[in-house]
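For reference, the chains in residue letters:
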Amino acid sequence: MKKLAIGITCYPSVGGSGIVASQLGSELARLGHRIHFISYEPPFRLDLCQPNVFFHQVKINEYQLFKYPDYTLPLAVKMVAVAQKHKLDLLHVHYAVPHATAALLAIDISRNQNRRAPHVITTLHGTDITLLARDPSLGPIIKYSIENSCGVTAVSESLRKETVQVLRTRKPIQVVHNFYRPAAPSLGRAEVRRSLKVRQDDFLLIHMSNLRPVKRFMDTLKVLAHLKDVPRVKLLILAGGSFDEFRPAVKELGIADKLVIRRDVVDIENYVSASDAGLYTSEKESFGMGVLETMSFGKPVIATGVGGVPEIVVDGETGFLAKLGDVRTMAKDARKLAADPALAAAMGRAAKARAAEGFSAERSVSRYLEYYHAVLGSCPCVSAPS
Ligand code: GMT
């Protein structure tokens with residue numbers, strides 16, 4: 001198969017869509033494709049020293065004339081320059097706005113210059129649909145950007161359905177589930193626990209997220225508060241961002257001695273491996289990368305059964321699903337796992353097997369590659385150079 005030149009644009013800050021885009025780029029680069037990341041800063045968790053991976057920075061100018069600095073326009077201009085210089089076959093943009101919109105502008109500029117333009121593939125990740133598409137000031141541009149992309153993918157069946165329902169679009173949307181390739185831990189469980197000041201026989205729950213409101217992180221803290229009578233249950237939070245706004249609640253709930261917080265951790269494999277189970281209380285989750293990452297290291301997950309989460313977690317087999325806000329049930333499930341190491345281990349094994357079979361890098365990357373070739377072979381939207 002032909003090796004492709006692919007531009008990838010994503011949000012580079014801590015967040016699932018940037019992590020997925022970075023992983024995809026790394027996997028494609030490993031297979032010999034040339035991957036050009038285009039964004040305002042290098043994506044978090046992307047190793048720029050890998051062969052076939054390049055980064056092109058978008059510079060944002062702050063002209064006094066504009067009250068708000070604009071990113072979409074310089075992004076589109078950078079996409080045009082990178083596409084032409086590096087002969088991109090595809091621009092794969094993650095998150096609809098402004099990335100897909102900028103990519104459409106970029107191909108229009110290239111066409112106007114009578115230059116070869118790349119095909120645009122947009123991957124929908126979550127709040128671009130579940131939140132922003134419902135906003136009347138953004139919905140129409142999101143719909144336009146989806147319908148004018150050469151191809152569109154969604155990270156779960158739940159997100160695909162919601163996109164059709166919210167935007168009433170007839171554009172075919174291909175579901176390609178997110179994936180995760182777990183790195184081997186470089187530190188042992190005992191060593192990590194010592195560094196966290198957690199005892200070897202404590203039952204350590206883990207929560208990894210950017211703590212935004214959709215994560216309903218207060219519910220995670222409330223689950224912990226329901227477990228105050230089991231001193232050996234602790235919670236490790238790998239926070240992508242500041243924890244400060246939750247400190248008063250921690251004090252009020254009286255759970256400070258049950259919490260360990262680490263910020264912007266990159267070697268998550270060391271921490272997840274040293275934990276016993278995941279805890280995720282999100283209100284919306286088109287997929288749930290934290291859930292998959294936790295399962296990949298053989299840990300059962302207790303989660304709210306929202307969005308795409310039930311596509312990953314099998315209730316009663318690889319963990320437990322609860323209704324949104326049902327912190328009592330989630331605490332009961334955590335108590336059950338903490339009291340029964342054999343059950344926790346069996347569920348952990350099932351979780352690891354499900355992650356490896358259904359959400360492996362090999363599976364999702366080959367689905368993306370098949371989709372790229374299908375789009376390249378069938379979409380007539382890009383004019384050839386004259
Ligand atoms: O849509 C977002 O909130 C942004 C995005 C992110 O960058 O964190 O999260 C979404 O994309 C992830 C990767 O596909 C999914 O695992 C998350 O479930 C999804 N977040 C939500 O749906 C809230």
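Basis of the calculations
- Residues numbered from 1 in each chain as written.
- Predicted model: local features only at pLDDT ≥ 70, side-chain atom pairs only at ≥ 80, totals over all residues.
- Heavy atoms only, no water.
- Helix = DSSP H or I, 4+ residues; strand = E, 2+ residues; numbered from the N terminus.
- Contact = heavy atoms within 4.5 Å.
- Areas by Shrake-Rupley, 256 points an atom, 1.4 Å probe, with all protein chains shown as cover.
- Near = heavy atom within 4 Å.
- Polar contact = N/O pair within 3.5 Å; in protein donor to acceptor, adjacent residues only side chain to side chain.
- Nonpolar A, V, L, I, M, F, W, Y, C, P; charged D, E, K, R; others polar.
- Buried < 20%, exposed > 50% of the residue type's maximum accessible area, 1.4 Å probe, protein only.
- Pairing = 2+ DSSP bridges.
- Right-handed = clockwise from strand over helix to strand, strands pointing away.
- Axes fitted to C-alpha atoms, helices over the stretch in contact; angles between N-to-C directions.
- Parallel < 35°, antiparallel > 145°, perpendicular 65-115°, else oblique.
- Left-handed = near helix turned anticlockwise from the far one by under 90°.
- Domains from an automatic or database assignment.
- Buried area = accessible area lost by both parts, 1.4 Å probe.

A.B. asks: What is the right way to read the overall build of the protein chain from this model?
C.D. replies: Helix and strand counts for the protein chain come out as 14 helices and 13 strands. Projected onto the principal axes, the alpha-carbon positions of the protein chain cover approximately 75 × 45 × 40 Å. Long-range contacts, defined here as pairs at least 24 residues apart, represent 69% of the contacts in the protein chain between residues at least 6 apart. In the form shown here, the protein chain has an accessible surface area of approximately 17,000 Å², with 54% of it arising from carbon and sulfur atoms.

A.B. asks: Would you mind going over the site of the ligand with me for this structure?
C.D. replies: What surrounds the ligand is a group of 19 residues, the closest being Gly-16, His-125, Thr-127, Arg-212 and Glu-285. Contact distances for the ligand include 2.7 Å between an oxygen atom and a backbone N or O atom of Gly-16. Here an oxygen atom of the ligand sits 2.5 Å away from a polar atom, N or O, in the side chain of Thr-127. Calculation on the ligand without its partners gives an accessible area of 480 Å², and the protein chains cover 95% of this total. With three residues, the top contributor of residues to the shell around the ligand is helix α1 (residues 16-30). Among the residues forming the shell around the ligand, the class breakdown is six nonpolar, ten polar and three charged.

A.B. asks: Would you explain the pairing of strand β12 (residues 301-304) in this entry?
C.D. replies: Looking along a regular strand, one sees the side chains alternate between the two faces of the sheet. Side-chain alternation along β12 places Val-301 and Ala-303 on one buried face and Ile-302 and Thr-304 on a second face that is also buried. Pairing between strand β11 (residues 277-280) and β12: three bridges, direction parallel. By the bridge assignment for β12, Leu-279 is matched with Ile-302. In the classification by handedness, the crossover that spans β11, the intervening helix α11 (residues 289-296) and the parallel β12 is right-handed. Judged from the four bridges that link them, β12 and strand β13 (residues 319-322) form a sheet pairing that is parallel.

A.B. asks: Quick question: what am I supposed to make of the packing of helix α2 (residues 72-85) against helix α3 (residues 96-112) here?
C.D. replies: The axes of two packed helices give the description: the angle between them and the distance between them. Relative orientation of the contacting elements α2 and α3 amounts to 50°, with a least axis distance of 8 Å. As judged from the angle between their axes, α2 and α3 are oblique. In this structure, the crossing between α2 and α3 has a hand that is right-handed. For the pair α2 and α3, the contacting residues are Thr-72, Leu-73, Leu-75, Ala-76, Met-79, Val-80 and Gln-84 in the first and Pro-98, His-99, Ala-102, Ala-103, Leu-105, Ala-106, Ile-109 and Ser-110 in the second.

A.B. asks: Got a minute to help me understand the sheet that holds strand β2 (residues 34-39) in this structure?
C.D. replies: Think of a sheet as strands paired side by side through backbone hydrogen bonds, with each pair either parallel or antiparallel. Strands sit in the order β3-β2-β1-β4-β5-β6-β7 across an open sheet of seven strands; the sheet is parallel. The open sheet has two edge strands, β3 (53-57) and β7 (174-175), and neither has a second partner. Looking at chain direction, strand β6 (residues 151-154) and β7 are connected through two bridges and run parallel. Across the sheet, the residue bridging to Thr-153 is Gln-174, located in β7. The strands that α1 touches are β1 (5-9), β2, β3 and β4 (90-94); relative to β2, the one it contacts most, it runs at about 155°.

A.B. asks: Got a minute to help me understand the side chain of His-92 in this structure?
C.D. replies: With respect to the helices, strands and loops of the structure, His-92 is situated in strand β4. For His-92, a relative accessible area of 0% puts it in the buried group. Here Thr-123 takes part through its side chain, which lies 2.6 Å from a polar atom of the side chain of His-92. Once you skip the residues sitting within four places of it in the chain, His-92 turns out to touch Ile-6, Gly-7, Ile-8, Thr-9, Leu-24, Ile-121, Thr-123, Tyr-368 and Tyr-372.

A.B. asks: Looking at this structure, how should I read the environment of Ala-225?
C.D. replies: Note that Ala-225 resides in helix α8 (residues 217-225). The buried category is assigned to Ala-225, whose relative accessible area is 19%. As a C-alpha pair, Ala-225 and Ala-331 span 106 residues in sequence and 8.7 Å in three-dimensional space. The contacts of Ala-225, once residues within four sequence positions are left out, are Leu-253 and Ile-255.

A.B. asks: Hey, could you run me through the sheet that holds strand β9 (residues 233-239) in this one?
C.D. replies: Reading across from one edge, β10-β9-β8-β11-β12-β13 is the order of the six strands in this open sheet, with parallel pairing throughout. Both outer strands of the open sheet, β10 (259-263) and β13, are each paired with one neighbouring strand and no more. Between one strand axis and the next, the sheet turns through 20° on average, direction left out of account. As defined by bridge partners, strand β8 (residues 203-209) adjoins β9 across seven bridges and the pair is classed as parallel. Residue pairing across strands places Leu-205 opposite Leu-235, the latter belonging to β9. Contacts from helix α7 (residues 189-196) reach β8, β9 and β10 within the one sheet, and its direction differs from that of β10 by about 100°. Packing against the sheet, α11 makes contact with β8, β11 and β12, and its axis sits at approximately 170° to β11.

A.B. asks: I would appreciate a short explanation of the domain arrangement of the protein chain in the present structure.
C.D. replies: Accessible area lost when the parts come together is the quantity often used to give the size of an interface. Looking at the assigned domains, one finds that the protein chain contains domain 1 (5-179 + 361-378) and domain 2 (189-358). Taking only C-alpha atoms into account, the centre of domain 1 sits 31 Å from that of domain 2. At the interface, 21 residues of domain 1 touch 18 residues of domain 2. Here domain 1 meets domain 2 over a buried area of about 1,400 Å², counting both sides, of which 58% is carbon and sulfur.

A.B. asks: Just checking my understanding: could you explain the pairing of β11 for this structure?
C.D. replies: Neither face of β11 is left uncovered, since the one carrying Ala-277 and Leu-279 and the one carrying Gly-278 and Tyr-280 both have all their residues buried. In the sheet, β8 pairs with β11 via two bridges, with the strands oriented parallel. What sits directly across from Leu-205, in β11, is Ala-277.

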